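Descriptive analysis of the structure
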Amino acid sequence: MRDDRRDALVRATLAGAARRLPVRPLPALSVAPLVAPLVTLLLVLSPGSAAASALDPGAPFGEESATGELAQSGERADTPEPGGPEPGAVGSSSGGADAPGTPRPPDELLTLADALAVAQALHPTLAARQAEITVAQARLVQRLAARRPVVTASATYELSVASGVSRVGGSLDVPTDEGPRMEVVTQRFYSLGVSASQRILDFGLTRARVRAAEAEALAAERRALSAELDVLLGVRVAWHEALAAQQLVAVTREAEARARENEAQVRRFVETGLRAPVEQAQAEADVAMAEVAALNAEVAQYEALLLLMEAMGLPDVGALRLADSRPEALLEEELPDEALLALAVEQRPDLQAVRASLLASELTVEAAERAGLPVLNATANLSATGRDDQRIGWSAAVGLRLSWDAYRGGSIRAQADEAAALLAVQEAEERRLVQQLRTDLLAARGRIRATAGALSAADRGVAAARERLRLAEGRYTNGVGSLIEVSDARLGVVQAEGQRIQSELDLAVARVRLFAALGRAW
């Protein structure tokens, strides 16, 4: 059921890729210096900014599952807004009943679980890693072939033509009146044969090579899993950044709507003589600045969706919305440092791949040292030969063959040295990964604690900013406040909402980074 739903989602997303997020052209306006803080905030929140680039990929503690049930890791998704997709639609949180290939409507909600499923099905990096697994398994089969007999069949057909000079009617030394005559002799030869050889003893050479190939196959599988985790982390980070951009669009559109309502109110006051005409010009400038901010937010959202589609392995972006969902707290956030590191070392697939490669290198060193020892094989052959003027004869033989490459110009010793050097490289890589893992774990947990406090402060800031705006609008309506006070309060709300959105994004990325450092995919 999950595979059918994933295929339907992939087809639906590709079918809707031709639609574009509408972006209205920017009006030619003289923007007042008041918009500078807002524009700076939008640039900070945009996916291409330096602040966004500094965020490393991570993974959340669970997402909404493709069947509508909460994943075991505990992530929740909010209820879709009125007018959104009904349960069972492709891309929603429950099992889909739509026919495969149904285009995604513009108001379709894309859940994080859906985005991860598409990435697993389409991302080219995962296809490349699967091909590497196939390569490693093929090499293992090649090594196993040394334990099996080698059978060779052969067939030969030969046509022989010879010529000579003879005298008609007698021997060559008896002269005749008829003179010499040319003779041509033709003969056909046949040969059929079958031979078999089975290695009996090689002093552990084949066993070491087979075990090394098995370890390399395991390392390839662990590397593929590590690559899958990296792809899923990229999707998660891009998804949270696109969600933040979508939320910022809603904030700026709300600010634009408030500015238009205020501009209409000012116009009525000016027409009745309660306010000076200069305040109407100020209100119109506020509307223009709010519209520019909303347009910039839409452009940032479009770019964020493009990055999300790239992370998912899709060629383009369609008109879609993201379901509101945030990662919940991890139980491992409260573990001691050493316990957290031990858990990550045990679960990380990249470390498992390095350990498998270490074992493969050790076995390769052993195989290289045994390559100079004798090899004993059992042999058997059966052959039949004949000519066109004789009966076919046959022969059979069995025996033992002992071969020993006593001297190869030093190549055996060089191969052993090469394998030992590669082993040292793998050991150093393991130590580097453990050190980097410790840094990532402690840094991610430190960011979680810091950003959790920042988010709490941002929530209080949003509440205070909205209260300030409410009071400023009330004062202006009652004739005791100024339009500048209202404009400053409205900008303060946008900035506070933007800071809250950024704090939510920072906390989500910090948690998914900790989730990733623990080596978890779901």
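1. Description of the overall build of the protein chain
When you go through the protein chain residue by residue, the secondary structure sums to 11 helices and eight strands. Here the protein chain holds 522 residues, and the buried ones make up 42% of them. The long-range fraction of contacts in the protein chain, counting pairs at least 24 apart against all pairs at least 6 apart in sequence, stands at 81%. For the protein chain, the exposed surface amounts to about 27000 Å²; the carbon and sulfur share of it is 57%.

2. Re the side chain of Arg 348
Tracing the chain through its elements places Arg 348 in the loop between helix 8 (337-347) and helix 9 (349-370). Residue class for Arg 348 comes out buried when judged on its relative accessible area of 15%. A distance of 2.7 Å separates polar atoms of two side chains, one belonging to Arg 348 and the other to Asp 350.

3. Thoughts on the packing of aromatic side chains
A full pass over the atoms with the stated rule returns two aromatic pairs. Seen from their ring centres, Tyr 157 and Tyr 190 are 5.6 Å apart, and the 50 degrees between their planes marks the pair as tilted. Remark: Tyr 190 occurs in strand 4 (residues 180-201) and Tyr 157 occurs in strand 3 (residues 150-167); sequence separation between them is 33 residues. Classification of Tyr 190 as partly exposed rests on a relative accessible area of 38%. Between Phe 269 and Tyr 476, the aromatic rings sit 5.9 Å apart at their centres with planes inclined by 45 degrees, giving tilted as the arrangement. Residue Phe 269 is located in helix 6 (residues 205-271), and its partner Tyr 476 is located in helix 10 (residues 411-477); the two are separated by 207 residues in the primary sequence. Summarising the burial analysis for this pair, Phe 269 and Tyr 476 share the class buried.

4. Brief notes about the pattern of salt bridges
In total, this model carries 24 salt bridges according to the counting rule given. The residue Arg 355 makes a salt bridge to Glu 430 at a minimum N-O spacing of 3.8 Å. Of this pair, Arg 355 sits in helix 9 while Glu 430 sits in helix 10, and the two are 75 residues apart along the sequence. Here Arg 355 falls in the partly exposed class, since its relative accessible area comes to 32%. Residues Glu 485 and Arg 475 are paired through a salt bridge, measuring 3.1 Å at the closest nitrogen-oxygen approach. Taken as a pair, Glu 485 in helix 11 (residues 483-517) and Arg 475 in helix 10 lie far apart in primary sequence, 10 residues in all. Within the structure, one salt-bridge network assembled from shared partners comprises Glu 254, Arg 258, Arg 326, Arg 466, Glu 473, Glu 497, Arg 500 and Glu 504.

5. Observations concerning helix 10
For helix 10, which comprises 67 residues, the first-to-last C-alpha distance of 93 Å matches the rise-based estimate of 99 Å (1.5 Å per residue) to within 8%. Backbone geometry just downstream of helix 10 places Gly 479 in the positive-phi region, at approximately 85 degrees.

6. A few points about a nonpolar patch on the surface
On the surface, Tyr 157, Leu 159, Val 161, Val 184 and Tyr 190 cluster together into a nonpolar patch covering about 530 Å² of accessible area. Elements supplying a minimum of two residues to the nonpolar patch: strand 3 and strand 4. In terms of residues, the nonpolar patch owes the most to one element, strand 3, which gives three residues.

7. A short note on unusual backbone geometry
Unusually for a residue other than glycine, Phe 203 sits at a positive phi of about 60 degrees. Structurally, Phe 203 is set in the loop between strand 4 and helix 6.

8. Structural notes on the confidence of the model for the protein chain
Scored by pLDDT, the protein chain has a mean of 75; 74% of the residues are at 70 or more. Residue range residues 9-107 is modelled with pLDDT below 50. Its contacts to residues more than four positions away, or to other chains, number 229 contacts. pLDDT under 50 marks residues 167-174. Its contacts with residues more than four places away, or in other chains, come to 11 contacts.

9. With respect to the side chain of Arg 445
Within the secondary structure, Arg 445 is located in helix 10. Of the residues examined, Arg 445 reaches a relative accessible area of 4% and is grouped as buried. In this structure Arg 445 touches Glu 332, Glu 333, Glu 334, Leu 335, Pro 336, Asp 337 and Leu 340, once residues within four positions along its chain are discounted.

10. Concerning the packing of helix 8 against helix 10
When two helices pack together, their arrangement is given by the angle between the helix axes and by the axis-to-axis distance. It is the contact of helix 8 with helix 10, at a shortest axis distance of 10 Å, that shows an interaxial angle of 125 degrees. One finds that helix 8 runs oblique with respect to helix 10. For the crossing formed where helix 8 meets helix 10, the hand is right-handed. Between helix 8 and helix 10, the residues in contact are Asp 337, Glu 338, Leu 340, Leu 341, Ala 344 and Val 345 and Val 434, Leu 437, Arg 438, Leu 441, Leu 442 and Arg 445, respectively. The residue makeup of the contact of helix 8 with helix 10, split by class, is eight nonpolar, no polar and four charged.

Definitions and limits used
- Residues numbered from 1 in each chain as written.
- Predicted model: local features only at pLDDT ≥ 70, side-chain atom pairs only at ≥ 80, totals over all residues.
- Heavy atoms only, no water.
- Helix = DSSP H or I, 4+ residues; strand = E, 2+ residues; numbered from the N terminus.
- Buried < 20%, exposed > 50% of the residue type's maximum accessible area, 1.4 Å probe, protein only.
- Contact = heavy atoms within 4.5 Å.
- Areas by Shrake-Rupley, 256 points an atom, 1.4 Å probe, with all protein chains shown as cover.
- Polar contact = N/O pair within 3.5 Å; in protein donor to acceptor, adjacent residues only side chain to side chain.
- Phe/Tyr/Trp six-rings, centres within 6.5 Å; stacked < 30°, edge-to-face > 60°.
- Salt bridge = Lys/Arg side-chain N within 4 Å of Asp/Glu carboxyl O.
- Expected span 1.5 Å × (residues − 1).
- Patch = residues over 30% accessible without salt bridge, like charges linked within 9 Å, V, L, I, M, F, W, Y side chains within 5 Å.
- pLDDT = per-residue confidence, 0-100.
- Axes fitted to C-alpha atoms, helices over the stretch in contact; angles between N-to-C directions.
- Parallel < 35°, antiparallel > 145°, perpendicular 65-115°, else oblique.
- Left-handed = near helix turned anticlockwise from the far one by under 90°.
- Nonpolar A, V, L, I, M, F, W, Y, C, P; charged D, E, K, R; others polar.

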